[in-house]
Amino acid sequence: MGRFDGATVLITGAAGGLGSSAAKGFASEGARLVLSDIDEKALADLAGMLPSETAILAGNVADEKLSEDLVGLAIEKFGRLDIAVNNAGIVQSFVRLPQVPSDEARRVLEIDLLGVFYAMKHQIPQMERQFKTSGKGGAIVNIASAAGLSGAPKLSVYAAAKHGVVGLTRSAAVEYASKGLRINAICPAHTRTAMVDSFVRVSGAPEAEALAELTRGVPMKRVAEVEEVVTAILFAADPANSFMTGHALAVDGGVGAI
Ligand SMILES: NC(=O)c1ccc[n+]([C@@H]2O[C@H](COP(=O)([O-])OP(=O)(O)OC[C@H]3O[C@@H](n4cnc5c(N)ncnc54)[C@H](O)[C@@H]3O)[C@@H](O)[C@H]2O)c1
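Residues numbered from 1 in each chain as written. Predicted model: local features only at pLDDT ≥ 70, side-chain atom pairs only at ≥ 80, totals over all residues. Heavy atoms only, no water.

Draft legend 1. Structural context of unusual backbone geometry. In this structure, Lys-154 takes a positive phi of about 70° despite not being glycine. Among the structural elements, Lys-154 can be located in the loop between β5 (138-143) and α5 (156-176). Non-glycine residue Lys-221 carries a positive phi angle of around 60°. (Helix = DSSP H or I, 4+ residues; strand = E, 2+ residues; numbered from the N terminus.)

Draft legend 2. Region of the structure containing empty space enclosed by the protein. Applying the stated criterion across every chain, the model contains 1 cavity of 30 Å³ or more. Approximately 40 Å³ is the volume found for the largest cavity. Residue lining of the largest cavity: Thr-12, Val-61, Asn-86, Ala-88, Ile-111, Gly-115, Val-116 and Ala-119, and that is the complete set. Per-element accounting of the lining of the largest cavity gives the leading share, 4 residues, to helix α4 (residues 102-134). Residue composition of the lining of the largest cavity, grouped by class: 5 nonpolar, 3 polar and no charged. (1 Å grid on protein atoms, 1.4 Å probe; cavity = no way out; pocket = protein on both sides within 12 Å on 5 of 7 lines; lining within 4 Å. Points joined across faces, edges and corners; volume = space filled by probe spheres on them. Nonpolar A, V, L, I, M, F, W, Y, C, P; charged D, E, K, R; others polar.)

Draft legend 3. Looking closely at the sheet that holds strand β1 (residues 8-11). Judged by pairing direction, the sheet is parallel, and its 7 strands sit side by side in the order β3-β2-β1-β4-β5-β6-β7 without closing on themselves. Of all the strands in the sheet, just β3 (54-56) and β7 (248-251) have a single pairing partner and so form its edges. In this sheet, neighbouring strand axes are inclined to one another by 15° on average, regardless of whether the strands run parallel or antiparallel. Note that strand β4 (residues 83-86) and β5 share 4 bridges and pair parallel. Residue pairing across strands places Asn-86 opposite Asn-142, the latter belonging to β5. Most of the contacts of helix α8 (residues 226-237) go to strand β6 (residues 181-188), to which it runs at about 165°, and overall it touches β4, β5, β6 and β7. (Pairing = 2+ DSSP bridges. Axes fitted to C-alpha atoms, helices over the stretch in contact; angles between N-to-C directions. Contact = heavy atoms within 4.5 Å.)

Draft legend 4. Molecular detail of the site of the ligand. Surrounding the ligand, one finds 28 residues, the nearest of these being Asp-37, Asn-60, Tyr-158, Thr-191 and Thr-193. The backbone of Leu-18 places a nitrogen or oxygen atom 2.8 Å from an oxygen atom of the ligand. Asp-37 is positioned such that a nitrogen or oxygen atom in its side chain is 2.6 Å from an oxygen atom of the ligand. Across the complex, the protein chains shield 90% of the 820 Å² of accessible surface that the ligand would expose by itself. Contributing elements (two or more residues each) for the shell around the ligand: α1 (17-28), α5 and α6 (194-203). Ranked by residues supplied to the shell around the ligand, first place goes to α6 with 3 residues. A per-class count over the shell around the ligand returns 15 nonpolar, 11 polar and 2 charged. (Near = heavy atom within 4 Å. Polar contact = N/O pair within 3.5 Å; in protein donor to acceptor, adjacent residues only side chain to side chain. Areas by Shrake-Rupley, 256 points an atom, 1.4 Å probe, with all protein chains shown as cover.)

Draft legend 5. Quick look at the packing of α4 against α5. Two elements in contact, α4 and α5, have axes separated by 8 Å at closest approach and are oriented at 15°. Considering their axes alone, α4 and α5 lie roughly parallel with respect to each other. Two packed elements cross with a definite hand, and for α4 against α5 that hand is right-handed. Here α4 contributes Ala-105, Val-108, Leu-109, Asp-112, Leu-113, Val-116, Phe-117, Met-120, Ile-124 and Glu-128 to the contact with α5, which in turn contributes Val-157, Tyr-158, Ala-161, Lys-162, Gly-164, Val-165, Leu-168, Thr-169, Ala-172 and Tyr-176. Classifying every residue of the contact of α4 with α5 gives 15 nonpolar, 2 polar and 3 charged. (Parallel < 35°, antiparallel > 145°, perpendicular 65-115°, else oblique. Left-handed = near helix turned anticlockwise from the far one by under 90°.)

Draft legend 6. Highlighting the packing of aromatic side chains. Enumeration according to the criterion identifies 3 aromatic pairs in this entry. An angle of 65° between the planes, with centres 4.8 Å apart, marks the rings of Phe-4 and Phe-26 as edge-to-face. Taken as a pair, Phe-4 in the segment before β1 and Phe-26 in helix α1 lie far apart in primary sequence, 22 residues in all. Centroid distance Phe-117 to Tyr-118: 5.7 Å. Interplanar angle 50°. Geometry classified as tilted. The class for Phe-117 is partly exposed, based on a relative accessible area of 34%. Tyr-118 gets classed as buried once you look at its relative accessible area, which sits at 15%. (Phe/Tyr/Trp six-rings, centres within 6.5 Å; stacked < 30°, edge-to-face > 60°. Buried < 20%, exposed > 50% of the residue type's maximum accessible area, 1.4 Å probe, protein only.)

Geometry only, nothing functional implied.
Encoded structure:
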């Protein structure tokens, strides 16, 4: 018996570090998957290696139509949508606020913040309908960031987007707490994926030095491994975790405790 036997789980940014590992985690616990990413080839490659029933649709989360189509795909293929992990995201250039090109700021906000808004806008009514007809609710897990809980120097627009994701999460969680939905955010600190690789590259320093600089303020003095964050994603989505909603769960090696 898996924790997610028979559940339909939608994941965006599924081809990336956290998304692909979350897909494998849900699949190994019995879920049926609806996966999306802007990287069509990586998405198809991932689907080909998963043991679960999987439907895929490539697209850009900044395009609202994708969110609508993903919910439609879940219903068409599996008849319902139980869990959504709104994970797709990009990071900004590592520069102080005045140096962020305005076009880039708009792109980060469109993908990292509006992408989550569009997703929830289409996922919530479907989950609410299912709750009304079957009594079985749903869970939404938004991937925010430690930068969604406090300031992040040289990442101001990214931090604004992620604070926004936490705001959407808390507000919608209250709106739908008595309507069968649990909505939570996961707030990881630096995690070993392509996103951290790009920080290391941009720094120009040797990897060990760059990672030491990146984790200087982290009590555990290291980045998170992908599996450590995925454990928290599955925990937030788990139907057994039935009284947790509106929570922004830090997975940050102790940063938030300082
Ligand atoms: N890695 C970290 O240090 C870290 C820390 C905190 C939060 N996060 C958040 O975790 C989430 C996943 O990031 P990751 O670390 O796995 O990075 P990643 O770069 O490995 O994965 C991101 C995925 O999102 C996809 N994507 C990018 N833009 C998209 C768009 N417009 N539409 C659809 N898909 C798009 C990419 O193709 C990629 O597969 C992001 O929201 C990120 O902000 C990451």
